[in-house]
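Chain and residue survey
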Amino acid sequence: MTPAIPPLSNTDTAKIAILLPLLSALKMEPINNEAVNLLLPFLCEYAIDPDNNATSREAAALCFHNMLSYANPEELHSLYSENLYTELRDKMERRLDDQLRDVMTLVAMLGSVTSARGGPCTATSSKIINLLLHLSSNQSLTPPLPPPTSNTPLLAAETFGLIVSSAPKSNLPFWKQRISFMALNHLKKNDRTVAGDIILLHVGCNLPYNALGEENLAFILKRVLCGLQQLHEDFITMALSFLLKSIAVLPKQALVQCLSADDVF
């Protein structure tokens, strides 16, 4: 038990189970930032704890997401470094993939909000994207994490997809482009993996052609064609959607080069 949640009596647990779904449905704006900063670590821990009621955990996660926009940048950075990264390390060390997915859901929420807010939140956003890119490539991080399971890279790719496909309110029209180019730069420098191909698919499906540019679109197309037979069935529909988009916008010469590459099929 961490300081975020003191020991709860049965009555406390029952009250929380009733109040959290109500609070998540109301979507009320917080009274002040101090209240948000106090509640967010509690909601984070409650949503991750498998011993809590499933419905209440989902409600806690929704409240967590609703309140992120009102937290100050320092609190958001603390949530990542002191709460979520610690939980991530714990679940990976204990090889608890189901619970790791719950943590990653909150990481996606925090990643989308900090990416869209930009400014002083950019550092936290970049750390989250960097985490997902390294996990998807089976690369080490600082501070180090335990060895991943076989599912970890795919889960990291899915989490990146949740971030880049989200639509939080933002005054920064280019935030998706920023994190997508982080992904492109990373993946171009590293060996191809299935998880990396899935991240590229998310980039290709969520950025318009004029934002990607012909060179990047052709790079993604070639990588997807090379790895199409290895993609998980959940991503085949997305891959086909991207292929149709590429065929529609890429010049004929670029398409021919992609399709005639030695390592395609």
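Please read these numbers as outputs of a predicted model, since none were measured by experiment. (Residues numbered from 1 in each chain as written. Predicted model: local features only at pLDDT ≥ 70, side-chain atom pairs only at ≥ 80, totals over all residues. Heavy atoms only, no water.)

Moving on, we get to the overall build of the protein chain. Within the protein chain, the regular secondary structure consists of 13 helices and zero strands. Counting from the amino terminus, helix and strand elements in the protein chain follow one another as α-α-α-α-α-α-α-α-α-α-α-α-α. Within the protein chain, buried positions represent 48% of all 265 residues. (Helix = DSSP H or I, 4+ residues; strand = E, 2+ residues; numbered from the N terminus. Buried < 20%, exposed > 50% of the residue type's maximum accessible area, 1.4 Å probe, protein only.)

A few words on the packing of aromatic side chains. Applying the stated criterion to the full structure yields two aromatic pairs. Both rings, one in F42 and one in Y46, keep their centres 5.8 Å apart while their planes meet at 35°; by these two values the pair is tilted. Of this pair, F42 and Y46 both sit in helix α2 (residues 33-48), separated by four residues, roughly a single helical turn. Both residues of the pair, F42 and Y46, count as buried. (Phe/Tyr/Trp six-rings, centres within 6.5 Å; stacked < 30°, edge-to-face > 60°.)

Within this structure, the stated rule accounts for seven salt bridges. Across the pair D90 and K91 runs a salt bridge, and its minimum N-O distance is 3.4 Å. Beyond isolated ion pairs, a larger network of salt bridges with shared partners links E87, D90, K91 and R94. (Salt bridge = Lys/Arg side-chain N within 4 Å of Asp/Glu carboxyl O.)

Attention now moves to the packing of helix α4 (residues 73-93) against helix α5 (residues 97-117). Running from N to C, α4 and α5 point in directions that differ by 155°, and their axes come no closer than 10 Å. Classified by the angle between their axes, α4 and α5 sit roughly antiparallel to one another. Relative to α5, the crossing made by α4 is left-handed. Side by side, α4 and α5 meet where P73, L76, L79, Y80, L84, E87, L88, K91 and M92 of the first sit next to Q99, L100, V103, M104, L106, V107, L110, T114 and R117 of the second. The residue makeup of the contact of α4 with α5, split by class, is 13 nonpolar, two polar and three charged. (Axes fitted to C-alpha atoms, helices over the stretch in contact; angles between N-to-C directions. Parallel < 35°, antiparallel > 145°, perpendicular 65-115°, else oblique. Left-handed = near helix turned anticlockwise from the far one by under 90°. Contact = heavy atoms within 4.5 Å. Nonpolar A, V, L, I, M, F, W, Y, C, P; charged D, E, K, R; others polar.)

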